[in-house]
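Chain residues, written in single-letter form:
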Amino acid sequence: MATKHFYPAIDGLVDQALLGTAASNPGLALLRSEKVLYAKNHPRSQVSVICGGGSGHEPAHAGFVGEGMLAAAVCGDVFASPSAKQVQKGCMTVPSDQGYILIVTNYTGDMLHFGLACEKMKAEGYKVGVVKAADDVAVGRKNGGMVGRRGLAGTIILDKILGSMASADCSFDEIMTLGTAVGVSLVTISAGLDHCHVPGRTTAYGAIEGDTLEIGMGIHNEPGVRTVTPIPPIDDLIAELLQYLIDPNDADRAYVPFQKTDEIVVLINNLGGVSTLELRAATQATIAGLKTIHGIVPSRVVAGTFMTSLNAPAFAITLLNITHAARESGVDASQILEYFDAPTDALSWPKTAPYSADAAEEEAIEDESEKSFAEDITVNPATLERKLRKACENIIEIEPKLTEWDTEMGDGDCGETIKAGAVALLDLLDSGLAKTGSILRVVDAMVDITEDHMGGTLGAVFGIFFAALMSALVAAAGKPDAPIEQVLATATAEALASLRTHTPAKEGDRTVMDVMIPFSAAFDGGNVEKAAKAAKEAAEGTMKLMPKLGRATYVGGLAGRDLLPPDPGAWGVHELIQGLAE
């Protein structure tokens, strides 16, 4: 787990976070003494929908205050429920002639303090109701006992639908009825690589070691239902999580029935420490799993950070069965979806829209694998294939070292970038790319590979070089016969000259050019063995060069070192050349 923080302790941290949230929306105000964030212009004619709980779950709940969502959020200290007094004061910041509805996550402290506030306000003559958020399925009926399910990210869906209803001037009873129905139509399950760490704590809670993850962990470092070693492929993990959510034969966890024709909302929640890249990929894996395993196509898909556990590297899947909520409440499913989609100025709620499976479909592209050329340059197909495969194998074998060197000196992507190109080329070779011995066909494929599979600076360098090489070879193909080595040498020099018009890099700058320039010079007479030797010496020479271009120039502490790791791009080019030279 990540145990380093910008704030060494939690003292005053919640207040500062609430002030920062209020500063981001001019329609919000903070009652600092009670840690209540509220909408300044909430109409008295509308029901006041209020949620809250311990802090450390941001953006829940302050991030969901605003027109079209919560009227106020009442915040406790980190992982600690707010008091009944705070809840009452929170209600008074958004006075309502129609009543107050408290959305309460099903944890003992929250239920008691919000419950006490509810009863005290009723005794004073206010109309107050409680909608319980209890969507976790990790805690089954047996272990949940009298307490029941924990409240997780499904709480935020309740915030959205009930807040939208209040903004639409729905009555207290209407909101309570649909809120109760939505509450019993939600299921959530999580998976985490580790637990979270609280700023200021000297010890870490329950670190999950090694190649292990935990399924069903809570949002306060509560343990999950089971650990899994090794970490499974994401599709397998998603399949298991969906089984917990949907399996009608699991008597302990089948809280909500699901049919293939039901209107379903999918919410993928980041518990704080998952990259957006992985979260979006997990979202797609969830959509695919729902369709292929359970035959369900969702009506809505939202993904993001909704209810966290500080910095926990975990995510959760929440499903709302709109059709089930409609049956339970008597409200039409389309109307519930309208409430879900209604606009809000709450800072942390995304814009939603109907999910379309067609939008994610790949467009068919023309297969160019059999492209032919009016004039060609050919060599022995077996020799061509052998050399290309050897070059690719060299790259795949050296990739861990390239990544290691680039991680020390740059952003760490060089090895994976060049390996991706090698793997793509091997795939094309398996499909017969070299079967005709056409060099033009291979170089043309390399241009596509650099664009489709190789990102970053190195991909651009290779792309320019191979595009220019293709142009030079096409021009040479229609000329009188010349030794193939000389044709390649001349075309390489022309391609390198074109590349140099697009980059200031030169020999001595510690880049791929430190290999490409001397290789081209030594290849001038068509002697590939001589050129390969020059490339090797040049690659080794980069260990004595200080970086002058690229991200490596920002790396500190290099001065005074006699030897650095080889430049990974230069070394990768050298490995390619050695394979082609064999």
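What comes next is a walk through the structure. (Residues numbered from 1 in each chain as written. Predicted model: local features only at pLDDT ≥ 70, side-chain atom pairs only at ≥ 80, totals over all residues. Heavy atoms only, no water.)

Concerning the overall build of the protein chain
Our working definition: The secondary structure listing takes helices from DSSP runs of H or I that are at least 4 residues long and strands from runs of E that are at least 2 residues long, numbered from the N terminus. The cut-offs for exposure are 20% and 50% of the maximum accessible area for each residue type, with area from a 1.4 Å probe on protein chains only; residues under the lower value are buried, those over the upper are exposed, and the others partly exposed. Should any heavy atoms of two residues lie within 4.5 Å, those residues are considered in contact. Note that accessible areas follow from Shrake-Rupley with a 1.4 Å probe, and for residues the cover is restricted to the protein chains shown. The positive count covers Lys and Arg only, the negative count covers Asp and Glu only, and His and the chain ends enter neither. Taken as the charge location is NZ of Lys, CZ of Arg, CG of Asp or CD of Glu.
From N to C terminus, the protein chain includes 18 helices and twelve strands. Counting every position in the protein chain, which comprises 582 residues, the buried fraction comes to 52%. Within the protein chain, counting contacts between residues at least 6 apart in sequence, those at least 24 apart form 73% of the total. In the structure as shown, the protein chain presents an accessible area of about 26100 Å², 53% of it carried by carbon and sulfur atoms. Both charge centroids of the protein chain, one from 45 positive and one from 75 negative side chains, sit 5 Å from each other.

What to know about the sheet that holds strand β10 (residues 264–270)
Our working definition: Here, a strand pair is defined by DSSP locating no fewer than two bridges between the strands. Fitting a line to C-alpha atoms yields each axis, with helices limited to the stretch in contact; the angle taken between N-to-C directions then spans 0 to 180 degrees.
Strand order in this open sheet of six strands is β9-β8-β7-β12-β10-β11, and the pairing throughout is mixed. Where the open sheet ends on each side, the last strands, each with one partner, are β9 (226–228) and β11 (300–304). The sheet shows a mean angle of 20° between the axes of neighbouring strands, direction not considered. Pairing of β10 with strand β12 (residues 314–321) involves seven bridges; the strand directions are antiparallel.

Quick look at helix α15 (residues 484–500)
So the rule is basically this: Between the first and last residue of a helix there are one fewer steps than residues, each counted as 1.5 Å, and that sum is the expected span.
The end-to-end C-alpha distance of α15 is 24 Å, a good match for the 24 Å that 17 residues give at a rise of 1.5 Å each. Residues Val487, Ala489, Ala491, Thr492, Ala495, Leu496 and Leu499 constitute the buried set of α15.

Describing the state of the cysteines
Formally: The disulfide criterion used throughout: a pair of cysteine sulfur atoms within 2.5 Å.
For the coordinates displayed, the defined rule picks out zero disulfides. Take Cys51: it sits in no disulfide, and the sulfur closest to it among the cysteines is that of Cys75, at 9.4 Å. Take Cys51: its relative accessible area is 0%, and that puts it in the buried class. For Cys414, which is in no disulfide, the shortest distance to another cysteine sulfur is to Cys392 and amounts to 15 Å.

Comments concerning the pairing of β11
The criterion, for reference: A clockwise path from the first strand over the helix to the second, with the strands pointing away from the viewer, defines a right-handed crossover.
For β11, a buried count of four out of five residues is recorded, marking the element as mostly surrounded by other parts of the structure. Direction of pairing for β10 relative to β11: parallel, over a ladder of five bridges. Each residue of the ladder has a partner; that of Ile268, found in β11, is Ala303. Between β10 and its parallel partner β11, the chain crosses via helix α8 (residues 276–294), and the hand of that crossover is right-handed.

What to know about helix α1 (residues 13–23)
What counts here: Starting at the helix axis, one direction is taken to each C-beta atom, and the arc is that of these directions.
If you check which residues of α1 are buried, you get Val14, Asp15, Leu18, Thr21 and Ala22. Take α1 and look down its axis: the buried residues cluster within an arc of 125°, on one side only. The inward-facing, buried residues of α1 abut β1 (28–31), β2 (36–39), β3 (48–55) and β4 (72–78).

Overview of the packing of aromatic side chains
What counts here: The rule is short: rings of Phe, Tyr and Trp, with Trp giving its six-membered ring, pair when the centres are within 6.5 Å, and they are stacked under 30 degrees, edge-to-face over 60, tilted in between.
Under the criterion given, the structure shown has eight aromatic pairs. Summarising the aromatic geometry, the rings of Phe64 and Phe306 are spaced 6.5 Å apart at their centres and angled 15° between planes, so their arrangement reads as stacked. Placement of the pair is Phe64 in the loop between β3 and β4 and Phe306 in the loop between β11 and β12, with a sequence separation of 242 residues. Ring centres of Phe306 and Trp349 lie 5.7 Å apart, and the angle between their planes is 55°; this geometry places the pair in the tilted category. Taken as a pair, Phe306 in the loop between β11 and β12 and Trp349 in the loop between α10 (333–341) and α11 (381–409) lie far apart in primary sequence, 43 residues in all. Given the relative accessible area of 8%, Trp349 is considered buried.

Looking at the packing of helix α17 (residues 528–541) against helix α18 (residues 568–581)
We apply this condition: When describing relative orientation, an angle under 35 degrees is termed roughly parallel and one over 145 degrees roughly antiparallel, while 65 to 115 degrees is termed roughly perpendicular and anything else oblique. Throughout, a crossing is termed right-handed when the near helix is turned clockwise from the far one, and left-handed when it is turned anticlockwise from it by less than a right angle. Residue polarity follows a fixed list, in which Ala, Val, Leu, Ile, Met, Phe, Trp, Tyr, Cys and Pro are nonpolar, Asp, Glu, Lys and Arg are charged, and the others, Gly among them, are polar.
Remark: α17 packs on α18, axes separated minimally by 9 Å, with the N-to-C direction vectors making an angle of 160°. Judged on the interaxial angle alone, α18 and α17 are roughly antiparallel. Our pair here, α17 against α18, has a crossing hand that is left-handed. Contact with α17, carried on its side by Val528, Glu529, Ala532, Ala535, Lys536, Ala539 and Glu540, involves Ala570, Trp571, His574, Ile577, Gln578 and Ala581 of α18 and no other residues of that element. Its residues placed into classes, the contact of α17 with α18 shows eight nonpolar, two polar and three charged.

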